[in-house]
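Commentary on secondary and tertiary structure
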Amino acid sequence: MPSSLVRIFIAVALEEAVRRQVEAAISRLRPLAPGLRWVRPENLHFTMAFMGEIPAERVDTVAAAGRAAASGQQPFVMRLGGLGVFPGRGQARVLWLGLETGQEALSRLQTALAAGLRQAGFELEQREFAPHLTLARVPQDAKAWNPTAVLAQAPALGAEQTVNSLHVMRSQLTPAGAVYSVLHTCPLGKRNEAG
């Protein structure tokens, strides 16, 4: 009998206070780009690895790689700041919020995570990790919007939080959008603990 598949990614979640600040920033930006599909506040996160659909019995292997990567790095502070778009040239498809501080630590954590996942037999995207928080996606039929005007209105957030864990997340696609749930928590700096 074939195993069931689950859609999995690993993320750094936002603390509630930071999430509220980002939500307020989105509220200020939304009128400047009404045709964009804005991410629901409860779904805001930094994606560290996207696994896609994997057999349910492999989720524990993903969690083990997450725990191993997290245990090798101490908690660190990241500070949000700076709007951008992907791709950098041509028609923008994604509006994102970056980091003012914490990029190096987040990148080290992602590198360790990706190495562990590859060693466990998972295939990952080959593109370079670019820490960002997706705020909105640009649908093909989006009304004209001016990315330059939106970027000029970049909010001065100053929001910062301590990153102290990774989360193995399940993404369930519904007609109302994706619903995320935490399957495993992988604390930073804690060796040999199950999550």
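In this text, all values refer to a predicted model and were calculated from it rather than measured experimentally.

1. Quick notes on the pairing of strand β5 (residues 94–101)
Among the eight residues in β5, six count as buried, and that is most of the element. Inspection of the sheet shows strand β4 (residues 76–86) paired to β5 by six bridges, in the antiparallel sense. Looking across to β5, one finds that Arg 79 is bridged to Thr 101. Bridging between β5 and strand β6 (residues 133–137) involves four bridges; their strand directions are antiparallel. In the sheet register, Leu 95 faces β6, and the bridge partner there is Ala 136.

2. Some remarks on helix α1 (residues 16–29)
The terminal C-alpha atoms of α1 lie 20 Å apart, and with 14 residues this matches the ideal 20 Å at 1.5 Å per residue to within 8%. Elements that come into contact with the buried residues of α1 comprise β2 (37–38), β4, β5, β6, α4 (147–152) and β7 (160–163).

3. Here we look at the environment of Glu 16
Along the polypeptide, Glu 16 turns up in helix α1. On the basis of relative accessibility, which here comes to 47%, the residue Glu 16 falls in the partly exposed class. Once the C-alpha coordinates of Glu 16 and Thr 101 are considered, the two residues, 85 residues apart in sequence, prove to be 19 Å apart.

4. A word on the sheet that holds strand β9 (residues 177–187)
Spatially, the four strands line up as an open sheet ordered β3-β1-β8-β9, and their pairing is antiparallel. One side of each edge strand has no neighbouring strand; the edge strands of this open sheet are β3 (45–55) and β9. Across the sheet, the mean angle separating the axes of adjacent strands is 25 degrees when strand polarity is ignored. Where strand β1 (residues 5–13) and β3 come together, nine bridges link them in antiparallel fashion. Residue pairing across strands places Val 12 opposite Phe 46, the latter belonging to β3. Relative to β9, helix α2 (residues 59–71) is tilted by about 55 degrees, and along the sheet it contacts β1, β3, β8 (165–174) and β9. Strands β1, β3 and β8 of the sheet are contacted by helix α3 (residues 103–119), whose axis makes an angle of about 10 degrees with β3.

5. Section: the packing of aromatic side chains
By the definition in use, this model includes two aromatic pairs. Aromatic side chains Phe 9 and Tyr 180 sit 4.9 Å apart centroid to centroid with 75 degrees between the ring planes, which places their arrangement in the edge-to-face category. Residue Phe 9 is found in strand β1, and its partner Tyr 180 is found in strand β9; the two are separated by 171 residues along the sequence. On the basis of relative accessible area, Tyr 180 is assigned to the partly exposed category, the value being 27%. Lying across the ring of Phe 122, Arg 58 places its NZ or CZ 4.2 Å from the centre.

6. Description of the sheet that holds β2
Sheet strands line up and pair through hydrogen bonds in the backbone, either parallel or antiparallel. Within the open sheet, the five strands sit side by side as β2-β6-β5-β4-β7. Their pairing is antiparallel. Across the chains shown, the open sheet's two edge strands, defined by having one partner strand only, are β2 and β7. Its contacts with the sheet put α1 on β2, β4, β5, β6 and β7, and the angle it makes with β6 is roughly 30 degrees. Of the strands in this sheet, β4 and β5 are in contact with α3, which crosses β5 at around 110 degrees.

7. Let's talk about the pattern of salt bridges
Applying the stated criterion across every chain, the model contains six salt bridges. Here Glu 16 and Arg 20 are joined by a salt bridge, their closest N and O atoms 3.9 Å apart. Separated by four residues within a single helix, Glu 16 and Arg 20 lie in helix α1, roughly one turn from each other. Looking at Arg 20, the relative accessible area reads 47%, which means it is partly exposed. Arg 127 serves as the salt-bridge partner of Glu 125, at 3.2 Å between the closest nitrogen and oxygen. In this structure Glu 125 comes out as partly exposed when scored by relative accessible area, which is 47%. Classification of Arg 127 by relative accessible area gives exposed; the value is 64%. It is possible to trace a salt-bridge network through shared partners that takes in Glu 16, Arg 19 and Arg 20.

Cut-off values and rules
- Residues numbered from 1 in each chain as written.
- Predicted model: local features only at pLDDT ≥ 70, side-chain atom pairs only at ≥ 80, totals over all residues.
- Heavy atoms only, no water.
- Buried < 20%, exposed > 50% of the residue type's maximum accessible area, 1.4 Å probe, protein only.
- Helix = DSSP H or I, 4+ residues; strand = E, 2+ residues; numbered from the N terminus.
- Pairing = 2+ DSSP bridges.
- Expected span 1.5 Å × (residues − 1).
- Contact = heavy atoms within 4.5 Å.
- Axes fitted to C-alpha atoms, helices over the stretch in contact; angles between N-to-C directions.
- Phe/Tyr/Trp six-rings, centres within 6.5 Å; stacked < 30°, edge-to-face > 60°.
- Lys NZ or Arg CZ within 6 Å of the ring centre and 35° of its normal.
- Salt bridge = Lys/Arg side-chain N within 4 Å of Asp/Glu carboxyl O.

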